[in-house]
Amino acid sequence: MSLAETPSPQACPACTAGPVAEAAARAGGAGDQRLHLSLPTIHCAGCISGVERALLAIPGVADARVNLTQKRAVVRTDESVDAETLTRALADAGYEAHELDPGALAATTGDAASRDLLMRLGVAGFAMMNVMLLSVAVWSGATDATRDLFHWISAAIAIPTIAFSAQPFFRNAARALSAWRLNMDVPISLAILLAAGMSIFETAESGHHAYFDAALSLTFFLLAGRYLDQRTRTAARSAAAELTALEVPRATRADGTSVNVADLALGDLILVRPGARVPVDGEVTGGTSEIDRALLTGESLPERASAGDAVHAGEINLTGPLTVRVTAAGRETTLSRLADLVSMAETSKSRYSSLADRAARIYAPVVHILAFAAFAGWLYASGDPRLSLNIAVATLIITCPCALGLAVPAVSTAASGRMFRNGLLIKHATALERLAEADTVVFDKTGTLTEGRPVLHNHDASNSDLAVAAALAEASAHPLAEALARDIAVPAARLADIREVPGHGIEATWKGDIVRLGRADWVGAAGDEGTATWLRIGLNDPVAFRFRDRLREGAAEAVTALRNAGLGVHLVSGDSQRAVLLLAEEIGIADWRASVKPDEKAAFVEDLANQGQRVLMVGDGLNDTGALAMAHVSISPATALDAARTVSDMVLLGASLAPLGDAVQTARNAKRRILENFGIAAAYNSISIPIALAGLATPLAAALAMSTSSILVTLNALRLR
Amino acid sequence: MEVLSILIPVSLLLGLVGLAAFFWTLRSRQYEDPEGDSRRILTDNYDDKPKS
């Protein structure tokens, strides 16, 4: 691959040639590594060169290549560069980026299956064009030796091509037959084989009609459908793998060594640094801190944790380092148990039979019966087995589901392509159809409708208070402190002896007074409801800084769009009454519930389902997983916990919720297109079948009819883009 | 009709050349990023000389 070469200095006009040349010199050595990045927001030529330029400007980056189709970048660097450097540089340049685990991607990047199909498709296409060319001569009246010669040449092209290109159909048909089942591939294989076989026989007998071109165009169109299907599915699968790659699989032991979470045993002591996610279920043995349980419970306020308290995998440690004794690791953790629950839900979802399946179930037997009836009828009427077989084969070819085979994949490719461009990834094959049926939407609050991170809302502090607060806040990694440091515009005051008291707040001295920023009880204030932190300077009255969770970008638009699309909107959250009420009012959802436990969420969704509603669940936390699994169709944001993303049918790649409204509309349109396509296929069959049964079908008619219906179906699907 | 003995091999040969070209594009992974490739022509990077 050419992109593995060293870049020329022109590769990035913005950076000096020095570091690049240096990096290029080092690249290829032992320190060479490849980093994969997900870039959910890129969409144009400017983005491609912008991202590549930003990446190449980082010292140590040898090469960077953006793939716009997959919205990814592969970066070749030396050891000194880690993914965080890259994502930060991209964030500075204005591009959202996430690191991907190359291990999880390795299985999918090769994508051997779809390249194999593309190869077979290409071969079939070239053979079809050549045979068509020869057939034109026959159709326009070549006779005797010329016709036979052309037929023989066609056979020489068609037979090897069919043997190579139609293998996927033959294999599937053989598998189905050996299990005593009928699938779409059985009539397809039968039609291709019979058409080829009969054409050889006719050619040998200097007959008038040979169906080589029909056999080839059948193979070509059906392979096209199969290829589109495969591509959509691999894109989804690789992206799903991509998302699991975002999870942290490592832990730090108490002695400082880093281990794989899978290697941890019960009773091991591990260290959880502030800001890190707890990798296992365990009990705190040392340290004091605050724990963000939002992903597990939906509670937006952190809880205090000290020795003896239980922590769970997936929670985030906020302020102080904790030593945790492992009480459950790997498959035993709350997180994994939920993931198991999820796989059960998957099987129940796979029982949903798609429109294509339902069509195939009716279609296959009908075609076989028709062809057999044609053969029997004509044999009885004419007593000529050759003529009867000819007509039966013509019927089989003409009814063959070219249009039917393209009807669904063409539409779902167009629809999922459109959704992907909008930043929504379809993970499940039937998700699109299920989304089209949704009539109720249930939202989670924390992390879904909101960003799950606080912003300063109001305060009654003076300017000097603000300066002190800003200085104190800068010293902590607590989310409220970070929000404060970010949202206060006043320059920070100069403080001495700053120290963080884990689980309480930050303390310092300012002009001889002790100043404290932290929890209400520690500062000496009467706390009230809502998210707040308190500042006390010396013996002055404590001052409150109140926060609220900021609405996620596009949340209001999404709610409005979904309501306009006729969906009932509910808000179900594990957070406190007040927090939920504020948000519900802001965004205009009348039907909301607060302090809902995880199993109650699932039960709520189940209740709606029992009332005959098709629920679309949108959520991100562990507390939503049950509900996500229970819902008719589910969507989670990319920031959601692994388990929640695994169970969801679709994943939002970007930060905005806005694609939701368009997604429902696209899904509904897609379903309408699929039904229209079935209609086109049915109309075409209702004309062509009588003609074939009457024995009037010629290879020319078959070729025309097949191509027209396939092209009509594809064009109809493209209207979705 | 003698011309057929030239034309048919020629047309088959051309078809094979096309097929070989297709194999080459497939092998050199030119279908990995159709979306990106269609936009890269709009940038003026590597306009003076190709990326080595």
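Think of each chain on its own: its residues are numbered from 1, step by step along the sequence as written. Labels follow written order: the first chain is A, the first ligand is 1, and so on. At least 70 in pLDDT is required for a residue's local features to be given in this predicted model, at least 80 for side-chain atom pairs to be given and counted, and no such filter applies to totals for whole chains, interfaces and linings, which use all residues.

Asker: Quick question: what am I supposed to make of the interface of chain B and chain A here?
Answerer: Note on interface size: it is often stated as the accessible area lost on association of the parts. Across the contact, 24 residues belong to chain B and 24 residues belong to chain A. For the side of chain B that touches chain A, the secondary structure elements donating two or more residues are helix H1 (4-27) and helix H2 (34-40) of chain B. Sorting elements by how many residues they give to the side of chain B that touches chain A places H1(B) first, with eight residues. Looking at side-chain class alone, the side of chain B that touches chain A contains nine nonpolar, seven polar and eight charged residues. Once C-beta atoms have been placed from the backbone, residue pairs whose C-beta atoms lie within 7 Å are recorded as contacts. Runs of H or I in DSSP of at least four residues are treated as helices and runs of E of at least two as strands, each being numbered from the N terminus. Three categories are distinguished: nonpolar for Ala, Val, Leu, Ile, Met, Phe, Trp, Tyr, Cys and Pro, charged for Asp, Glu, Lys and Arg, and polar for the others, with Gly belonging to the last.

Asker: Please explain the sheet that holds strand E3 (residues 72-77) of chain A as it appears in this structure.
Answerer: Hydrogen bonding along the main chain pairs the strands of a sheet, whether they run parallel or antiparallel. All names here are of chain A. Strands are labelled as partners when DSSP assigns at least two bridges between them. Taken in spatial order, the four strands line up as E2-E3-E1-E4 in an open sheet, and their pairing is antiparallel. Two strands bound the open sheet, and with one partner strand each, they are strand E2 (61-67) and strand E4 (98-100). Here the average twist between neighbouring strands, direction ignored, is 30°. Here strand E1 (residues 33-38) pairs with E3 via six bridges, running antiparallel. Bridged to Leu 35 within E3 is Val 75. Across the sheet, helix H2 (residues 45-56) lies against E2 and E3, angled at about 160° from E2, the strand it touches most. Sheet strands in contact with helix H3 (residues 83-93) are E1, E3 and E4, and its direction is about 40° off that of E1. Angles shown run from 0 to 180 degrees and are taken between the N-to-C directions of axes, each axis being a line fitted to C-alpha atoms and, for helices, limited to the stretch in contact.

Asker: Could you clarify how one ought to interpret the packing of helix H8 (residues 185-204) of chain A against helix H13 (residues 385-399) of chain A in this entry?
Answerer: All names here are of chain A. The interhelical angle for the contact between H8 and H13, taken along N-to-C directions, is 140°, at an axis separation of 9 Å. When the interaxial angle is binned, H8 and H13 end up oblique. Classified by chirality, the crossing of H13 by H8 is left-handed. Contact with H8, carried on its side by Leu 190, Ala 191, Leu 194, Ala 195 and Met 198, involves Leu 389, Asn 390, Val 393, Leu 396 and Ile 397 of H13 and no other residues of that element. Partitioned by chemical class, the residues of the contact of H8 with H13 number nine nonpolar, one polar and no charged. When describing relative orientation, an angle under 35 degrees is termed roughly parallel and one over 145 degrees roughly antiparallel, while 65 to 115 degrees is termed roughly perpendicular and anything else oblique. The sense of a crossing depends on the near helix, which, turned anticlockwise from the far helix by less than a right angle, makes the crossing left-handed and, turned clockwise, makes it right-handed.

Asker: It is not clear to me how unusual backbone geometry should be interpreted in this structure. Could you clarify?
Answerer: Trans is the prevailing form of peptide bonds, just as negative phi is the prevailing case for residues other than glycine. One non-glycine residue, A:Lys511, lies in the positive phi region at around 50°. Within the secondary structure layout, A:Lys511 lies in the loop between strand E18 (505-510) and strand E19 (513-518).

Asker: Whenever I open this one, the nonpolar core confuses me. Can you help?
Answerer: The nonpolar side chains of a soluble globular protein tend to be buried, and buried together. Residue and element names in this part refer to chain A. Within the largest apolar cluster, 138 residues are counted, with the highest numbers of intra-cluster contacts made by Ala 215, Ile 397 and Ala 407. Domain limits in this description derive from either an automatic procedure or a database domain assignment. Per-domain counts for this core show at least three residues from each of domain 2 (112-238 + 359-413 + 669-718) and domain 4 (423-451 + 552-663). Discounting residues that sit within four places of it in the chain, Ala 407 has contacts with Ile 674, Asn 677, Phe 678, Ala 681 and Val 713. The term nonpolar core refers to a set of buried Ala, Val, Leu, Ile, Met, Phe, Trp, Tyr and Cys residues connected through C-beta atoms within 7 Å. Exposed residues have 12 or fewer other C-beta atoms within 10 Å of their own C-beta, buried residues have 20 or more, and residues in between are partly exposed; the C-beta atoms are placed from the backbone.

Asker: Where do I start with the sheet that holds strand E14 (residues 424-426) of chain A in this structure?
Answerer: Residues and elements named next belong to chain A. Read across the open sheet, the seven strands follow the order E14-E26-E25-E24-E15-E22-E23; overall the sheet is mixed. The open sheet has two edge strands with one neighbour each: E14 and strand E23 (591-593). Along the sheet, successive strands turn relative to each other by an average axial angle of 20°, direction set aside. Relative to strand E26 (residues 650-652), E14 runs antiparallel, the two sharing three bridges. Residue Leu 425 lies in a different strand from E26, and its bridge partner there is Val 651. Its contacts with the sheet put helix H22 (residues 598-610) on strand E15 (440-443), strand E22 (568-572) and strand E24 (615-618), and the angle it makes with E24 is roughly 160°.

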